[in-house]
Structures are given as structure tokens and as C-alpha cells.
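# Summary of the model geometry
The chain contents come next:
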Amino acid sequence: MVRTKAYSALALFFGLVLAGGAQAANFLDRGPVADFVNNFRLQSIQSQTVAWRHPEYKKGTIVVSTKERRLYYVLGPTRAIEYGVGVGREGFTWSGVKTITAKKEWPDWRPPAAMLKRRPDLPRHMEGGQDNPLGARALYLGSSDYRIHGSNEGDTIGEAVSSGCIRMTNRDVVDLYDRVKVGTRVVVLK
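Residues numbered from 1 in each chain as written. Predicted model: local features only at pLDDT ≥ 70, side-chain atom pairs only at ≥ 80, totals over all residues. Heavy atoms only, no water.

### Regarding the nonpolar core
I62, L71, I148, M168 and L176 are the most contacted members of the largest nonpolar core, which has 25 residues in total. Taken together, the elements giving at least two residues each to this core come down to strand 2 (62-65), strand 3 (70-74), strand 4 (79-84), strand 7 (137-141), strand 10 (166-169), helix 5 (170-179) and strand 11 (185-189). The element that contributes the greatest number of residues to this core is helix 5, accounting for four residues. Of all hydrophobic cores here, the second largest spans eight residues; its members include Y57, V63, V74 and A80. (Core = buried A, V, L, I, M, F, W, Y, C linked by side-chain atoms within 4.5 Å. Buried < 20%, exposed > 50% of the residue type's maximum accessible area, 1.4 Å probe, protein only. Helix = DSSP H or I, 4+ residues; strand = E, 2+ residues; numbered from the N terminus.)

What follows is the structure, given as C-alpha cells:
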């Protein structure tokens, strides 16, 4: 399936390049071609399948360890996929149980009011794309302002720098997005 998506993205990209340069540039910023390009970006923390010894978390659950700066997607009683993540900086950490209430590809970003109060220099709206802070995908957590989302700042993965959101590389968030459904349980541990 990934190979089919990649070939489709390449065909679309080259078709646009031949048809006109401006439209091709837009497809490099968001959509299937941008997803394909993100597969080749270097990652400081590679995702991997690991042994899972926490039977209290059932298959399909997302468990975030802010201390380890890792997100685990539980595959079953003995295996999980481990992803490196960026987490909330001091004063912005949180823990609890949330549910994924929405999923969006290449989402637009509207900074929450509390963030705008701290940073009035931020734009009020930013269209989705490679330069958007939410990256390639966003998984919305309950009615909170928190999300699990991609990042255009790969060097922040493994760090505590966000305002509480869980950041992943664009490649990893696309992989997780394809695995989870609205209603997925998310457990965030300190």
C-alpha cells in the first residue's frame, strides 16, 4: 500500500511539473507528494517494534511516556510500536486519559487563546503545509487544546519544548494516523 501511494504521488508530481510549475510547488507543500517527500527526511529517533510488558494497556491504545519522550502504539499483549516524541516543556506537562475525537490531514493551525496571550506575534491562522507547526497530520485529544501532531522541527523530537502537545516527525505521525481511529484511547504518563 505504501509503495502504491508513493508511485501515485510521484506520477501526480511529475504530471504537475509538466503542466505548470506553480501548481507543482503547492503539491510539494501538502498532500500525497509532501507525504512521500517526508519519508526521506532523516530522523534522530527511529520508530521500532518493541517488547510490551504492560497488560493494563490493551491493543490499539496509545501510551505516551513524557519522561521517556516516547509514544507507544500497542499492537497486542507483547508488542508495541515505539516512536520518539517531543513533549511539553516545564510548566506545560500534563498527564491523563484522553480520546482521539478528530483526525486531520495537513491541518490548518489556529493558535489557542492562551498561546496567543503568551505570544501575540503568532499568526491567527496558518494554512496547512510543510511550514505549519502541526505538520502532516493531527490527532485531536478530547475537548482539550492538546494534539498529537507532526512537526516541521525534527530536531525537537526527544525534547521537552512544546506547549503541551505531543510532537512526532511527519513520517511517524502519518504512520500512526493510518493505524488509529477516532475513539482511540490515549494515556499520557508523566
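Having seen the model, we can carry on.
### Topic: the sheet that holds strand 3
Sheet strands pair by backbone hydrogen bonding; their relative direction is either parallel or antiparallel. Reading across the sheet, the nine strands line up as 1-4-3-2-11-6-7-8-10 and stay open at both edges, with mixed pairing between neighbours. Either end of the sheet is taken by a strand with one partner, and the two such strands are strand 1 (48-51) and strand 10. Geometrically, the sheet is characterised by an average inter-axis angle of 30° between neighbouring strands, direction not taken into account. Where strand 3 lies against strand 4, five bridges are found, and the strand directions are antiparallel. By the bridge assignment, R70 is partnered in strand 4 with G84. Docked against the sheet, helix 5 engages strand 2, strand 3, strand 4, strand 6 (96-105), strand 7, strand 8 (147-151) and strand 10, running at close to 105° with respect to strand 10. (Pairing = 2+ DSSP bridges. Axes fitted to C-alpha atoms, helices over the stretch in contact; angles between N-to-C directions. Contact = heavy atoms within 4.5 Å.)

### Examining the pattern of salt bridges
Scanning the entire structure with this criterion turns up five salt bridges. The residue R137 makes a salt bridge to E105 at a minimum N-O spacing of 4.0 Å. Of this pair, R137 sits in strand 7 while E105 sits in strand 6, and the two are 32 residues apart along the sequence. Residue class for E105 comes out partly exposed when judged on its relative accessible area of 47%. (Salt bridge = Lys/Arg side-chain N within 4 Å of Asp/Glu carboxyl O.)

### Some remarks on the side chain of T66
Mapped onto the elements, T66 comes out in the loop between strand 2 and strand 3. One polar contact links the side chain of T66 to the main-chain carbonyl oxygen of L189, over a distance of 2.8 Å. Other than its neighbours up to four places away in sequence, T66 contacts V87, W94, V188, L189 and K190. (Polar contact = N/O pair within 3.5 Å; in protein donor to acceptor, adjacent residues only side chain to side chain.)

### Focus on the pairing of strand 4
With respect to burial, strand 4 is a largely interior element, five of its six residues being buried. Sheet analysis places strand 1 next to strand 4, joined by four bridges and oriented antiparallel. When the sheet's bridge partners are listed, V50 is paired in strand 4 with A80. What sits between the antiparallel neighbours strand 3 and strand 4 is a turn of four residues.

### Observations regarding the environment of G150
Tracing the chain through its elements places G150 in strand 8. Expressed as a C-alpha distance, the spacing of G150 and R137, which sit 13 residues apart in the sequence, is 5.7 Å. Sequence-distant contacts of G150, defined by excluding residues within four places in its chain, comprise P133, L134, G135, A136, R137, M168, T169, N170 and V173.

### Considering unusual backbone geometry
Peptide bonds are mostly trans, and most non-glycine residues show a negative phi. Backbone geometry at R69 places phi at a positive 60°, although glycine is not the residue there. Note on placement: R69 falls in the loop between strand 2 and strand 3. In this structure R69 comes out as partly exposed when scored by relative accessible area, which is 27%. Residues other than glycine seldom take positive phi values, yet W106 does so here, at roughly 45°. Take W106: it is sitting in the loop between strand 6 and helix 4 (113-118). The class of W106 is buried, set by a relative accessible area of 3%.

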